[in-house]
Structures are given as C-alpha cells and as structure tokens.
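Coordinate inspection notes
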Amino acid sequence: MTSTRARPGGAAYSGDESPPATGRAAPARRWHWIPFAATVVLVLAANVLALGGWRVPVIGPAIGFWFILGYPAYLSYTSSFWRGASAGERAGYSVAVVILLLLLGGLFANTFLPLVGLGRPLDTVPVVVMADVLDVGLYLLRRRFPAPVRWRVQIASAGRRETRLIVASALCVPLVVLGANRLNNGAGDQLTLAGLACMLLTFALLLRWQRWVREGAISIVIYLISLSALLMTSLRGWSVTGHDIQGEYQVFQLTSAHGRWDISSLPHSTYNACLSITILPTEISRVLHVYDPDIFKLCFQLLFALCPVLVYAISRRHWSKLISIVAVIYFVGFPTFFTDMPYENRQEIGFLFVSAGILAITNYWWTTRQRRAGLVVAALGIELSHYSTMYIFLGILIVGWAATRLAARLPWSRRRGGPASDRAPRGVVGYTVNIGSVMAVAAILLAWGGLATRTAGTALSAIESTFSSSGGRSADVLYGVLHGSVPPPQVLLKQYRQQTLKQNAASGSFFVPASVAAQYPTPYVTLPSLPLTKVGRLLNDHGIPVSTVNTVVRQGAAKDEQLFIVVGFVAILATAGFRRKLGAEFIALSIGSIVMLGLITLLPELSVEYGVLRAFQEALIMISPMLVVGSLTVFSPLGEVWKVRAATVLCLFFFFSTTGLMPQLLGGYPPQLNLNNSGQYYNSYYVHPQELAAVSWLANKPGVLPEGIEASAPSARFYFTAPSDVTGKQFVIPAFPSLIERKSWLLLDYATVKTRYATVDLDSDLVNYLFPIALVENSKDLVYNNGGAEVYK
Amino acid sequence: MTRHSRRLVSNTVTAEVVHAEPSGRRWWPFLVPLVVIGLAVSFVIPSTRHQWALSVFRQPTRYTALSFNGAWKLPSSVVAYQPLSIAFVIDNQEGRTEDYRYVITQTSAGLTSTLGESAETVAAGRSHTVSTVIRPSCLVSPCRIRVSLPGHPETIDFLATVRA
C-alpha cells in the first residue's frame, strides 16, 4: 500500500509511506514460508526457554521480549485496525493494545485462576500460556484483517540521509549503555558525553534533512534517540537506582515472589494499585528470566521510548515535520524525561496510554464512536497503570469539554453560526470528548480507584488538604514564570528540626531524648558543584562567569519554554487559520492541559503530591507544538528564514544545556547522575553494593520486624526486595537526628558514611545537612560496618 | 505573528512531500572496515582492552564487612574483670584471600586499652566467625567495647554500663 491520502483537517499522511524517488526496486518475494516457519520456531524456543527456566544470556531475554511484547505488537501493527495511521502512530496503538491485553489478561488470571485451585496465577506456566493465547489470537485476527507492510521495499528504498540518520541514532544507544557501565565501574563520563553529542548532532541533521526523510525513518530516529536518553539514566547503578522506582520494585517483587497480585499485601502503598508495576513486570520476568531490576531498567525503557514517537505523531496531526521534530526535541530534552521518567515506570506506561488516547481523540479517520471507544480504552489503560496520571488526564478532559461548551456559547462564536462540529477540523463531525465519554472515563476511575483499590482516597485527601491547609510547596515551582515564593531550604530544615524536636519531647522515651538530640546541630550544606573544566576556566579567565551562565541558561530554558507556550497559544487563538487547522476540540484539550499544569503549579499540596515537572512533561505530550509556534512567533521579526533558524538553534541549545552536555563540558554546575558519580541524585538514589549487603545482613536478623528500621533518607532504597525477604511487612522509615528511636535498627547509607552529608525529604524536595554521627555513636551500638554502609542498634 | 510567518507555518504544514535526494558517494565501504580495524586494534592493546572491560563488564566492588553475631542481644552492661563472650563475623569481599588481624579494645573515661587481639586468614568471598571471651576492666560507665581490623577502616562497637 503506497497511497498518500489527504487527512481531514491536517497534514497529508501516507499510511504506508511511498519511497522517495531515488529508491531502489524491491527484490521479488520468494520463500514466503520462511517467516512463518521462523516465527513458529521462535515461539517454540520462547516457550521452552521460559518453561524450562533456562537463562541464555542476551538471546534468551531477546526471544522472550519478542514473544511477549514484540510479536503481538507486530501482529497488531500489521493488521488493518489502524488504517490511515502513520508508522509511529500504528506502533503506538499496537504497543498500547498489547500492554493493555497483558494487564487485563494478568488481572483476569489473578482473579479467576485461584477459584479453580491455582494459587499462583502469575507463575511461569499461566503467564506463558497467556502469552501463547495472545500471540495465536492476534495472529488469527491479523489473518482476518491483514494490512501487510512491505518491509523489504521500505528498507531497500531507504535514502542515503535516512540511512545516515538511523545509523547515527543507533550509535547513540551503545554509547550511552557503555557509558553508564563505565560510570558504574567508577570510570569517566567520556562515552556518555559522546552519546549525548551524537544525539544532538543527529537531531541537528534530522532538522536539516527532514525534507528528504520519510515519516517512518523519522520515527525510528526519534525512538532510538529517546531510548538513548532514557538508558543513560536508567542503567546507572548495578541494582535499582532512583526515587519512585524503589517502591515500584518492592511491589513488583512482592507480586513476583507470591506469584499473585494482592492489593491488601501492602496496604499502605498506593504503588501496589498500579498493575503496570505489579502484574506487567511479573509477566515479563516470567518469560525473560533476567535479573529482575533489568525489567524496569531496560524493558520498560524500550517501551517508553515510543512515547516521543507518539508525541511526534500527535504533532503531525496538524503541524509540519519541522515543527513536529522541534516539538519532540523539546519533549525529549526536558530534564524530567531523562532524569526522572526512568525512575517512574508506572507513569511511563501511563504516558504511553495518554499519548495513545490523544491520538485516538484526534484520529479523524475514525468515526466519532470509534474515537470515543479508543479514548475509553486508553483511559482504562491509564487507570490500571497509574492512577495519578488518570486524575490529570480526566482533569484535562473535563476542562477541555467545558471549554468547548463555553466556546459554543460565546457571542462571537454564535455570530459565526453553525454547530460546534463545524469548528472541528474539516471532515470531522462531532466532538470526541462529550459528557458521555467524560462520564465513562470518570466511571473507570471510580470503579478501579474507588472500589477495587481504594486509591482515590489519596487524591481526595490531597485535594482536601490543598484547600484546607497552607502547606509547603515543592521548590520545583521556582522554575515557573509565576511561581510565587517558596521558603529557602535552610529555613525548611530549621523548621523541620524544631518540629521534630517537639514531637520527640512529646513522645516520652520512644526516641533518643530531645535534650540529647538538641545538643547535636544539623547544619544545612550545599553539595559541591562540578569543578571548572579547561574550557570553563578559560571562559572564566575571560570574564565569563561559567557557573552563572549555566544557571541562567537552565533557568532561561525553563522560563522561555513557558513563555513560548503562552505566546504560541495566543498566536493560535488569534489566527483564524490555526484555529481552523487545529479545531476547537484540540484547542480546548490544550487549554485543559495548561489549566491542569497551572493548578498543580499554584496549589501547594498538588505541587508536592504530583510534581510540577511531571505535570509539565505530561502537558508537553499535547502542547509541545504550541511551544514551537510560540518560539517562531517570538522570532518572527527576523524574517521567514532566520526565524526558523533561530527557533531550531535555540531548541538545540536548550537540549545542549538541559541534557547536561554543556555543564559537563564547562563545569560549575551541580553534577547530574547520568554523567557523574557525585551530586544530589547520586548521593540520594544510587544504591551501592555495600548498602545491599547491609540490607541483606539485616534481613536475616531476628527482631528486625518488631523493632523497626530507620535508614538515611530516602529510605526506600533499603526496602527488603529479595525474593526470600520481601513480605511487605517490613517498614523502613527515614531517619532524622532528632527522631532516632532508641530500639530501632538504624542504617546509614554510603553518602552519610563517606561524606557525612545526609538528606531529608521536605515537601518532595531533597535538603542536605551534616549528619551528627556523634549522636548515633553515643546512643547506639555499631553492629555492622562494611565501609560503605553502617548499621546501628 | 506576522502574515508572512503565518503563511510559512501553514505552508510547511501541508507540504508533506519527501524530496528526491541527490546521488552521492557511498561511505560505508570505507568507514566500516576502518571501524572494524580500529576495534580489533583496541582489543589487542592492554590499556584499551582494560577500558573495554570497564565499559562492558561489571567490575566487582571490594570491601570487608565486620558485624556482631547476635547483634540484637549484645550485652548492655558489664561487670569489671568478669568474663564476657562476644562473637563477630569477618566477611571477606576483597576478591583475594586476606590475613585479618583483629583487635578488641575498651574505652572508658577517655582511656583505651586492648582486651585481646589475634589474626585470621579468610578466603575470598568467605566469612569467618570469631568467638572469644574478654574481661573488660572498665570502672566507669559508659564502657565502649570495640572490634577493629588494623589496615582496614571498618570497626564495630557496643556501649555498656558498668555494674558493680
């Protein structure tokens, strides 16, 4: 299929793209039975490897991944369900459908197999059978609704520039993987820097050559660069490294060890309600038989790297290749994407469904009913994956729906006449987001979050405390244009110390006495920045303050991006052509994204509970093209050619800075974990083998459970997650000097042992202080010491 | 936004055309052999081979762990000159067999004295339990009993009150 069809209301799309004029002829198809035979052999091999529990390095996990995710997604991709969709969009729908089927299949097995006497429904045999059923079912469905893709024609017709771009982007992956290994082994940052430089260069070339590159090739390049950006962070550390991922790994191991997901097994953890980090990784691990942290560190990143491809596809609904590529660079270059998302696996899967949902809403090839069905299915995936993402998504839908209703009532809107649907893109009849679809999405939320898992209560209490308290706000809001004020960390630390000393004094003899703890100060400390490099010193010697430049560029990137969004939004509202092109519904949903982002920034409790930066990343899925339009508008006085050049160069410059490349080349900025063995994230989230050894030692000791464990914050690093230890009944609470329990076990982490710098989490911000080790030495016994971790009793 | 810029954005939106590429030289027949030769050379030179090892394989972390046996029931009080049994474990994760010398000391009222010392050889990856009896001579509380491994930074200790 090579036809190019005009898409209603948007750009011309080619479903299966026609090759460029210089393409070479495809070889004739012979031996057509070979793919089928190879598939059967691979499926059998995957079954044998999974059921036998054999670990064949690299090949075994590769076959397993293909069996449970790759092949079903391929079958869906090559079916005719997604007619009219671009390559990236089809890939997005296909992967989202397969993940949803795995979630629902796992939930079904988890619920009903115990009723027939199978106590471990998520063990290897049921999961392999489920994957077989998925493969065979989708194969039969694809036979009935085929839409074959002529891969060989596509590959053979690849142009010179396409090949170069794909090779360059593919090169980024081994560079960052080897670079992460080097850093984990205590070596330097050279390879990761080379990988980042390669990403930047490839994006620059993609922008320059975009006219010669087909949609499919662009999607591949975006995927590979996104994967590189994720892996350079996710692969740091030989075990589970990061913030939320520690809790995620605990619930994954809990499900895996028990062979069953049980919401009541960890009653205080809302993570346990997310099937994306309980049932899904368990299913994958049963088939792949790999070191379990690699399920999150590698497999989930392979899935989430598709999200920027979907962002590109969403942008391409209405905008040019150039604008869409720049939008994706902003999305991938946003620090949350590569520094935090690899540590929030449930949200990664949630974002995939959000992207698929937005694609479904705006899929003008589908009927309104199909689009609504797609939206509801995507919402189901979001809710099962990550309840918080669902709240934001529902908020966007409600605001979007209200905005369309409001717009229809405005006098200027009525003056133009015609029903609301007339203002949708050409050819589209009726809005996707109506009261019915909003109610359906809300019903999913209530059914799963309210009745099945009872996680909705967490959100309700957060909303309640937003309006009832004047609680603290996350310091992330300081990146906002309208951020208001946030107390400095020194003040927060002082307040917290006073508050905990009072709490101690009121608790009798439970803690080391407040009078004793008060004698040991906990002064605020700032972690050292990177030393200036040769280039940095040279610039400094010529009067350019490198530290200030780095800070200004980073702050400028954050504020300029917000400014561009506002300018872009105004430009779109003010320009009739844009309004017609985007349609009222898309504009209304964009308003929904901006309103939700604004609410999270301005309301204190929400900025702490959800995180401003994550909300911005979610909003960018939809509004990143607006950002680009805004930058083009700002640079419009430069003229037609130069405004495009300025906007693209600025975007690449921001990528150069935000990914850490610029600070690393100059020095004088806080170290980033993807490039250094130092800095805030390294101290707080990097798990050292000595720390794991300490946890393992502690897990075997009697009396650990009743007397409790305190650990250097963030304490989630020390959750008991080994299959033999994980029960969900051990509680590891963060230690703070004025709240050290008399009888507890106290685990001090690598950073505290080596540098005495400890961390406390205040309103979701990490604040560093000097740990008063003498307090502990004089109050407790030092019972375990391996030089990198200490345990006191 | 100017009228020109509007037009530019609008035009680029609808101009979804893949342009024909000018023909050019193929680079891979030259580049690929060069890369292969470069990689082969790097595997031969010891220093670059070491860099490959750092980039591909996990390097073991070397450390020694010292811990009390029965850490949850350490004595909270001692009687001067009375025998006291203690047991501790030396875990050798240094990657080679190590000769560990251990010293048990007491510290009370700022004065430190040795209660016992000896040496043990522990094979790589193995741990060894030392059980011994000491006679603390502390007269003033608190009395800190410490086990240390000279040549290694790891120490463990416990505090006890002195009973008459």
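One numbering rule holds for all chains: residues counted from 1, following each sequence as written. For naming, the first written chain is A and the first written ligand is 1, with later ones following in the order written. At least 70 in pLDDT is required for a residue's local features to be given in this predicted model, at least 80 for side-chain atom pairs to be given and counted, and no such filter applies to totals for whole chains, interfaces and linings, which use all residues.

We count a stretch as a helix when DSSP gives it H or I for four or more residues in a row; a strand needs E for two or more, and each element gets its number in order from the N terminus. Check the secondary structure of chain A and you find 33 helices and 9 strands. Any residue with 12 or fewer other C-beta atoms within 10 Å of its own C-beta is exposed, any with 20 or more is buried, and the rest are partly exposed; the C-beta atoms used are placed from the backbone. Expressed as a percentage of the 793 residues in chain A, the buried residues total 56%. Placing C-beta atoms from the backbone, we regard two residues as in contact once those atoms come within 7 Å. Counting only contacts in chain A whose residues sit at least 6 apart along the sequence, the fraction spanning at least 24 positions is 76%.

With that settled, the discussion passes to the overall build of chain B. In terms of regular secondary structure, chain B is built from 3 helices and 8 strands. Element order for chain B, N to C, with α for helix and β for strand: α-α-α-β-β-β-β-β-β-β-β. Burial analysis of chain B (164 residues in total) assigns 24% to the buried set. Considering only intrachain contacts with a sequence separation of at least 6, the fraction spanning at least 24 residues in chain B is 62%.

Further remarks concern the environment of Gly598(A). You can see Gly598(A) is positioned in helix 25 (residues 576–602). Each C-alpha atom of the pair Gly598(A) and Gln672(A) lies 27 Å from the other, and the pair is 74 residues apart in sequence.

Time to look at the domain arrangement of chain B. Domain start and end points were adopted from an automatic or database domain assignment. Entries for chain B in the domain assignment read domain 1 (26–59) and domain 2 (63–163). Spacing between the C-alpha centres of domain 1 of chain B and domain 2 of chain B amounts to 50 Å.

Residues and elements named next belong to chain B. Pairing analysis gives 11 bridges linking strand 4 (residues 98–108) to strand 5 (residues 111–122), with the strands arranged antiparallel. Following the sheet pairing, arginine 101 is matched in strand 5 by alanine 119. Between the end of strand 4 and the start of strand 5, which pair antiparallel, lie 2 residues, with alanine 109 showing a positive phi angle near 50°. With 5 bridges joining them, strand 4 and strand 7 (residues 143–148) adopt antiparallel strand pairing. Directly across from threonine 105, in strand 7, lies its bridge partner arginine 146. Paired strands, as defined in this entry, are two strands with at least two bridges between them according to DSSP.

Another point: the packing of helix 3 (residues 87–112) of chain A against helix 4 (residues 124–144) of chain A. All names here are of chain A. Relative to each other, helix 3 and helix 4 sit at 135°, their axes nearing to 11 Å. The orientation of helix 3 relative to helix 4 falls into the category oblique. Helix-helix and strand crossings are classified by hand; for helix 3 and helix 4 the assignment is right-handed. Side by side, helix 3 and helix 4 meet where Leu101, Gly105 and Ala109 of the first sit next to Pro126, Met130 and Leu134 of the second. Of the residues assigned to the contact of helix 3 with helix 4, the class counts are 5 nonpolar, 1 polar and no charged. Note on method: axes are straight lines fitted to C-alpha atoms, helices fitted across the in-contact stretch only, with angles between N-to-C directions ranging 0 to 180 degrees. Angle categories: roughly parallel below 35 degrees, roughly antiparallel above 145, roughly perpendicular from 65 to 115, and oblique for all the rest. Here a crossing is taken to be left-handed if its near helix is turned anticlockwise relative to the far helix by less than a right angle, and right-handed if that turn runs clockwise. Note on residue categories: nonpolar means Ala, Val, Leu, Ile, Met, Phe, Trp, Tyr, Cys or Pro, charged means Asp, Glu, Lys or Arg, and polar means any other residue, Gly included.

Residues and elements named next belong to chain A. Residue-level pLDDT values for chain A average 88, and 88% of them are 70 or greater. Residue-level confidence of the predictor, termed pLDDT, takes values from 0 up to 100. Low pLDDT (under 50) marks residues 1–26, which in the prediction has 65 contacts with non-local residues, meaning those over four places away or in another chain. In the model, residues 415–423 has pLDDT below 50 throughout and makes 10 contacts with residues more than four positions away in sequence or in other chains.

This part is about the packing of helix 3 of chain A against helix 12 (residues 306–316) of chain A. All names here are of chain A. Between helix 3 and helix 12, the least distance of the axes is 8 Å, while the angle of their chain directions is 130°. In terms of orientation, helix 3 lies oblique with respect to helix 12. You can see that helix 3 and helix 12 cross each other, and the crossing is left-handed. On helix 12, the residues touching Gly88, Glu89, Ala91, Gly92 and Val95 of helix 3 are Leu306, Val309, Leu310, Tyr312 and Ala313. Here the contact of helix 3 with helix 12 is built from residues that sort into 7 nonpolar, 2 polar and 1 charged.

Here the focus is unusual backbone geometry. Between Ser141(B) and the following residue, Pro142(B), the backbone shows a cis peptide bond with an omega angle of -5°. Relative to the helices and strands, Pro142(B) resides in the loop between strand 6 (127–134) and strand 7. A positive phi angle is found at His289(A), which is not glycine, with a value near 50°. Position of His289(A) relative to the elements: it lies in the loop between helix 10 (279–288) and helix 11 (293–304). If you check the backbone angles, Arg756(A) has positive phi at about 70° while not being a glycine. The partly exposed category is assigned to Arg756(A), around which 14 C-beta atoms lie within 10 Å.

Right, let's talk about the nonpolar core for a bit. Residues and elements named next belong to chain A. Any nonpolar core is a set of buried residues, restricted to Ala, Val, Leu, Ile, Met, Phe, Trp, Tyr and Cys, that join up through C-beta atoms within 7 Å. By size, the foremost hydrophobic cluster in this structure holds 261 residues, and its most contacted members are Ala96, Val287, Leu306, Val326, Leu352 and Leu747. The element contributing the most residues to this core is helix 26 (residues 604–634), with 16 residues. Setting aside chain neighbours within four positions, we find alanine 96 in contact with Leu352, Phe353, Ala356, Ala378 and Gly381.

In this section: the environment of Ala442(A). Residue and element names in this part refer to chain A. With respect to the element layout, alanine 442 can be found in helix 19 (residues 435–452). According to the C-beta neighbour criterion, alanine 442 is partly exposed, with 15 such atoms within 10 Å. Along the primary structure alanine 442 and alanine 557 are separated by 115 residues, whereas in three dimensions their C-alpha atoms are 36 Å apart.

With that settled, the discussion passes to the confidence of the model for chain B. All names here are of chain B. Per-residue confidence for chain B averages 86 on the pLDDT scale, and 85% of its residues sit at or above 70. A low-confidence stretch, residues 1–16 stays under pLDDT 50, and its non-local contacts, those more than four residues away or across chains, total 32 contacts. The ipTM assigned to the predicted complex is 0.86, against a pTM of 0.90.

Among the secondary structure elements, Phe331(A) is positioned in helix 13 (residues 321–333). Beyond its immediate stretch of four places on either side in the chain, Phe331(A) contacts Pro308(A), Val311(A), Phe337(A), Leu620(A) and Ser624(A).

So, on to helix 25 of chain A. Residue and element names in this part refer to chain A. Helix length check: helix 25 (27 residues) gives 31 Å between terminal C-alpha atoms against 39 Å at 1.5 Å per residue, more than 12% under. The sharpest bend along helix 25 measures roughly 90° and falls at glycine 583. Of all 27 residues making up helix 25, 19 are buried, and the element is well covered by its neighbours. To estimate how far a helix should reach, multiply one less than its number of residues by 1.5 Å. At every residue, the bend is computed as the angle between two fitted axes, covering the seven residues ending there and the seven beginning there respectively.

A regular strand places its side chains on the two faces of the sheet in alternate fashion. Residue and element names in this part refer to chain B. For strand 1 (residues 63–68) and strand 3 (residues 84–93), the ladder comprises 6 bridges, and the chain directions are antiparallel. When the bridges of strand 3 are listed, alanine 65 appears paired with aspartate 91. Strand direction decides the pairing type here: strand 3 and strand 6, joined by 8 bridges, are antiparallel. What sits directly across from serine 85, in strand 6, is valine 133.

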